[in-house]
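The lines below spell out each chain.
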Amino acid sequence: MTTTPIRGLGHPVKRKEDPRFIRGKGTYVDDIKLPGMLFLDIVRSPYAHARIKRIDPSKALAMPGVVDVITGAELEKAGLAWMPTLMSDRQMVLPTDRVVYYAQEVAAVVATDRYTAADAVLAVEVEYEPLTPVLDPFKALEPGAPLVRPDREQKTNHIWHWEAGDKEKTDRIFQEAEVVVSQDLYIPRIHVCSIETCGCVVNYDRATDKLTIWMTSQAPHAHRTVFSLVSGIPEHKIRIISPDIGGGFGGKVPVYPGYVIATYAALKLGKPIKWIEDRSENLQADSFARDYHIHAELAATRDGRIRAMRVHTVADHGAFDAAANPSKFPAGLFSVCTGSYDMEAAHVAVDGVYTNKPPGGVAYRCSFRVTEAVHTIERMVDILADELGMDPAEIRFKNFIRPEQFPYKSPTGWEYDSGNYPATLQKALDAIGYQELRREQAERRARGELMGIGISTFTEIVGAGPSHTFDILGIKMFDSAEIRVHPTGSAIVRIGVQTQGQGHETTFAQIVAEELGLPVENIIVEHGDTDTAPYGLGTYASRSTPTAGAATAVAARKIREKARLIAAHLLEVSPDDLEWRDYAFRVKGAPDRFKTMQEIAFAAYTNFPQGLEGGLEAVCYYDPPNLTFPFGAYVCVVDIDRGTGQVKIREFLAVDDCGTIINPMIVEGQIHGGLTMGMAPALFEEIVYDENGTMLTGTFMDYLLPTAMETPHWKTDKTVTPSPHHPLGAKGVGESPTIGAPPAIVNAVVDALSHLGVRHIDIPITPAKLYQILVEKGVAE
Amino acid sequence: MERVPIQLTVNGQLYQAEVEPRMLLVHFIRDVLNLTGTHIGCDTTSCGACTVLWDGRPVKSCTVFAVQADGGEILTVEGLERDGQLHPVQEGFWEEHGLQCGFCTPGMMMTAVALLQENPDPSEEEIRKAIAGNLCRCTGYVNIVKAIQYAARKMRETAPAAAGIAGGE
Ligand code: FES
Ligand code: FES
């Protein structure tokens, strides 16, 4: 046996990518510098809705160092003024006659350095005729509302209507229900704000006729296909490289106009072009998340059994439907909103609407609108408990899908793969001392103090997805892995997904280490270069482990099957006489006669049996049979300052179940990060516009990311319920905490105030908002 | 635009250059010296991705003009490792999984180095306060705190050897 430890599944292997990052030797897009490179900067609209009367670049062009000014009129001649979105809409690259949101791209300047480019942006003269903006999606639907998109055939701001579930049955249950509760919930517009903004470096090499784009992309392969389709450049002449990415969270899934303009400029000018947006541009114009106006109802029996759920949502998509969803799911996976609870029926309807706001509808570290779904059900369950005078834990136990009901068919059509909800909640309640906390709360209440306990028992839906249902622009959402074992027993793995901090270079090496019995340190993982990595749809929606992780395991197993034949040849036995045990092929009944993968690898190049091809490699394009359904039980304890309205998270315990764990250290890190990104919109973050559609939260001065001071010391624990259909039993984890945390926090705050008749507060629960409630309820200090 | 001669010691090495007076120190470090470990994450002095040590004190290099630092000593992330030995803070971030995408990491580590020079045994509260000007979107800070605690322990154990490691030669 090898002396170097394998350290496959379940080991807290230190990350293989870290040595370069801690030395400052990562390569992010803005670190790339090519000879003769020019800088592109963008002129943006000061109006949310206006006609463009004139663009005069002459002053800018006269400045030393300014090379070019590109406008929509020029792009139109090249057929590039518009580009398709992922949701069968189209989006302006640069406008030809009107702008439809604040900070929209209006023109681009190219100059010899970033400072000159920024100066030139100010020198481009644009004359606008302001038009009335439509900012409220409900008003946008009223007859006579100004049209956001007169370019469309349909003269309405309504984009689409989408439904799931059984309307008739749901309505019938509501009619006869003993108890009905209803609530409006607004889940505001927020922004992912990865600390690295978006950008690209584009180089067109005339000699080889090859276009290379280094791009902040979560999905380089899909982006290459889009670029090829839009530009007509053959796909093999385009190489997209996603180098080190400084956080993605969904914001680096879309194709932004800046990428397209920079590519156009590189082709036109024959010089490498760099475009890096600054933070304000990133916040003001890149794809937003959420912006769902939800009306939800639950029908229940008097003793607290949920019978049905009815939801109607108005989804504000801004000026273009540029959401990043699978094609058949304009509202993402929002219909998973029945959550962890068994009910007879549900009906969900969503209407997408245009407004004069930036386009988007991307995830914010979430799998296609699952956060909205989970927030809805987890709030509604608490509201029902309040209505019935039940404990929030008790009502959950009463309505959980029971372990023996899995695989569980949900009323909106999903098949949950596995779960054990009562065990996870019980573990959380025991660990945090729930009954004791309730006693403490009663005592504090008697003293006039405001303490709350919030529970969230969410089910996540990730790993899109099975090809029969999931595609993006027709491309099926499988994912891929390619493994090559070298003669001396080290290996290279190339995958179709793209890390932005999740640690793929480590976890995917661990999968191969486990499957092949090769030490993790002898395996390198590459991704993000479309010329070398196999085609895949990228990393978002927690899909890496469910799809490419499975592909990696299956590819490794293909290698193992070939290795069995070689081992049989070396041991002079029949392949059937061998079993794979303790990381080696052993002769059944004689386990000390064995061949390790390292020995087999050498033989694969030096001494393989007649009739077998040499080499040891395999490829897998994995089409998952189903999605995976991670879940968890979170408990949050808050104290509210009656003098300031400040919420203090005293304790937060997250018990997650993401199935089989590949690297517990990385899983825990993902949970810490996800919880923080869940707390952020619950307490701080919101994109706000004034009545003119001007964004008021366009910098980090007004859009508040949590610092270490506001972030509590998260506590985590786990249960393990493997996915029955994933080759490793793994489910994916990066986003569970982002969707599970907000309702736990809001439920805790509302719980602290429930005795005062407070039943719901929309997020973010800022001190100002909460203090106002304390004043109204007469408990402010 | 007129250019001004400046002279700076960065990671122990002397550099002379002529720069526009408006050039930010962070751009001087990244674009002129090609030390790209120092990052840029905002335009309002909020994120701390650009943090370097200037004469031993942490500053956000996006909010300093290169000409202001004339004659000064700058330490960037690239200068932390000495003779092939990682700085205890670098080691701590690796050991305790204190980074994910790595974008905030250089700035975060420079702030930590400065803290530990001043306070070799900080409490969790003191660490959180010290890094409050550095935003991390990935980690949720828990492991960053642990990483800095790891470094503090390590530096106390090897105190004589580690003394004066930060702040240039
Ligand atoms: S770049 Fe954000 S503080 Fe300097
Ligand atoms: S590790 Fe990504 S921002 Fe901190």
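**A look at the interface of chain A and chain B**
- Contact residues are listed per partner, giving 57 residues for chain A and 49 residues for chain B.
- Both faces combined, the contact of chain A with chain B buries some 4,500 Å², and carbon together with sulfur accounts for 55% of it.
- On the chain A side of the interface with chain B, the three residues burying the most area are I22(A), Y115(A) and I195(A), jointly 18% of the side's total.
- Across the chain A-chain B interface, the total number found is 7 salt bridges.
- The partner of R30(B) in a salt bridge is D31(A), with the nearest N and O atoms 2.9 Å apart.
- Here chain A and chain B share 29 residue pairs in polar contact (both at pLDDT 80 or more) between them.
- Breaking the side of chain A that touches chain B down by element, the ones donating at least two residues are helix 1 (18–22), helix 4 (114–123), helix 9 (279–285) and helix 17 (664–683) of chain A.
- A per-element tally of the side of chain A that touches chain B places helix 17 of chain A first, with 10 residues.
- Its residues assigned to classes, the side of chain A that touches chain B shows 23 nonpolar, 18 polar and 16 charged.

**Description of the side chain of H191(A)**
- Counting through the fold element by element, H191(A) comes out in the loop between strand 10 (179–187) and strand 11 (199–205).
- At 2.7 Å, the side chain of H191(A) forms a polar contact with the backbone oxygen of N282(A).

**Some details on the layout of surface pockets**
- Of the volumes computed, that of the largest pocket is approximately 1,000 Å³.
- Looking at the largest pocket, it is lined by 48 residues, and the ones nearest its centre are D41(A), I276(A), D278(A), E281(A) and D43(B).
- Examining the composition of the lining of the largest pocket, we find that 7 residues originate from one element, helix 4 of chain A, more than from any other.
- Among the residues making up the lining of the largest pocket, the classes are represented as 22 nonpolar, 12 polar and 14 charged.

**Notes on the pairing of strand 16 (residues 292–300) of chain A**
Residues and elements named next belong to chain A.
- Buried residues dominate strand 16, accounting for 8 of its 9 residues.
- Of the strand pairs in this sheet, strand 10 and strand 16 are connected by 9 bridges, and their pairing is antiparallel. The residue of strand 16 that forms the bridge with Q183 is A296.
- Pairing geometry for strand 16 and strand 17 (residues 306–316), over 9 bridges, is antiparallel. Bridging across to strand 17, I294 finds its partner in T313.

**As for the packing of aromatic side chains**
All names here are of chain A.
- Summed over all chains, the structure comprises 23 aromatic pairs over all chains.
- Their ring planes at 75 degrees and their centres at 4.9 Å tell us that Y421 and F631 sit as a pair that is edge-to-face. Of this pair, Y421 sits in helix 12 (residues 421–432) while F631 sits in strand 32 (residues 631–640), placing them 210 residues apart in sequence. Across this residue pair, the class does not change: Y421 and F631 are buried.
- Geometrically, the ring pair formed by F652 and W714 is edge-to-face, given 5.1 Å between the ring centres and 85 degrees between the ring planes. One end of the pair, F652, is in strand 33 (residues 647–657); the other, W714, is in the loop between helix 17 and strand 34 (715–718), with 62 residues separating them in the sequence.
- The class of W714 is buried, set by a relative accessible area of 2%.

**Considerations on the nonpolar core**
All names here are of chain A.
- Formed by 132 residues in total, the largest nonpolar core has its most connected members in W414, F652 and L753.
- Top element by residues in this core is helix 18 (residues 736–753). It accounts for 10 residues.
- Discounting chain neighbours no more than four positions away, the residues touching W414 are F329, L333, S335, V336, Y408, K409, I461, F470, L627 and F629.

**Quick word on the domain arrangement of chain B**
All names here are of chain B.
- Domain annotation of chain B identifies domain 1 (4–77) and domain 2 (88–159).
- A separation of 21 Å is found between the C-alpha centroids of domain 1 and domain 2.
- Across the boundary between the two partners, domain 1 contributes 17 residues, which contact 14 residues of domain 2.
- Summing the contributions of domain 1 and of domain 2, the shared interface buries around 1,100 Å²; its carbon and sulfur component is 65%.
- Counting every contact that joins domain 1 to domain 2 gives 0 salt bridges.
- Counting across the interface, domain 1 meets domain 2 through 5 residue pairs in polar contact (both at pLDDT 80 or more).
- Residue assignment for the side of domain 1 that touches domain 2 shows that the elements contributing at least two residues are strand 3 (51–54) and strand 4 (57–60).
- The greatest single-element share of the side of domain 1 that touches domain 2, amounting to 3 residues, is contributed by strand 3.

**A short note on the environment of A73(A)**
- Position of A73(A) among the secondary structure elements: in helix 3 (residues 72–77).
- Assessed through its relative accessible area of 43%, A73(A) is described here as partly exposed.

**Quick word on the sheet that holds strand 27 (residues 523–527) of chain A**
All names here are of chain A.
- Here we have 4 strands laid out as an open sheet, ordered 27-26-25-31, and mixed in their pairing. Taken across any chain shown, the strands that pair with only one partner, and hence form the sheet edges, are strand 27 and strand 31 (617–622). Between one strand axis and the next, the sheet turns through 15 degrees on average, direction left out of account.
- For strand 26 (residues 491–495) and strand 27, the ladder comprises 5 bridges, and the chain directions are parallel. Directly across from A491, in strand 27, lies its bridge partner I523.

Conventions used here
- Residues numbered from 1 in each chain as written.
- Chains lettered and ligands numbered in written order.
- Predicted model: local features only at pLDDT ≥ 70, side-chain atom pairs only at ≥ 80, totals over all residues.
- Heavy atoms only, no water.
- Contact = heavy atoms within 4.5 Å.
- Buried area = accessible area lost by both parts, 1.4 Å probe.
- Salt bridge = Lys/Arg side-chain N within 4 Å of Asp/Glu carboxyl O.
- Polar contact = N/O pair within 3.5 Å; in protein donor to acceptor, adjacent residues only side chain to side chain.
- Helix = DSSP H or I, 4+ residues; strand = E, 2+ residues; numbered from the N terminus.
- Nonpolar A, V, L, I, M, F, W, Y, C, P; charged D, E, K, R; others polar.
- 1 Å grid on protein atoms, 1.4 Å probe; cavity = no way out; pocket = protein on both sides within 12 Å on 5 of 7 lines; lining within 4 Å.
- Points joined across faces, edges and corners; volume = space filled by probe spheres on them.
- Buried < 20%, exposed > 50% of the residue type's maximum accessible area, 1.4 Å probe, protein only.
- Pairing = 2+ DSSP bridges.
- Phe/Tyr/Trp six-rings, centres within 6.5 Å; stacked < 30°, edge-to-face > 60°.
- Core = buried A, V, L, I, M, F, W, Y, C linked by side-chain atoms within 4.5 Å.
- Domains from an automatic or database assignment.
- Axes fitted to C-alpha atoms, helices over the stretch in contact; angles between N-to-C directions.

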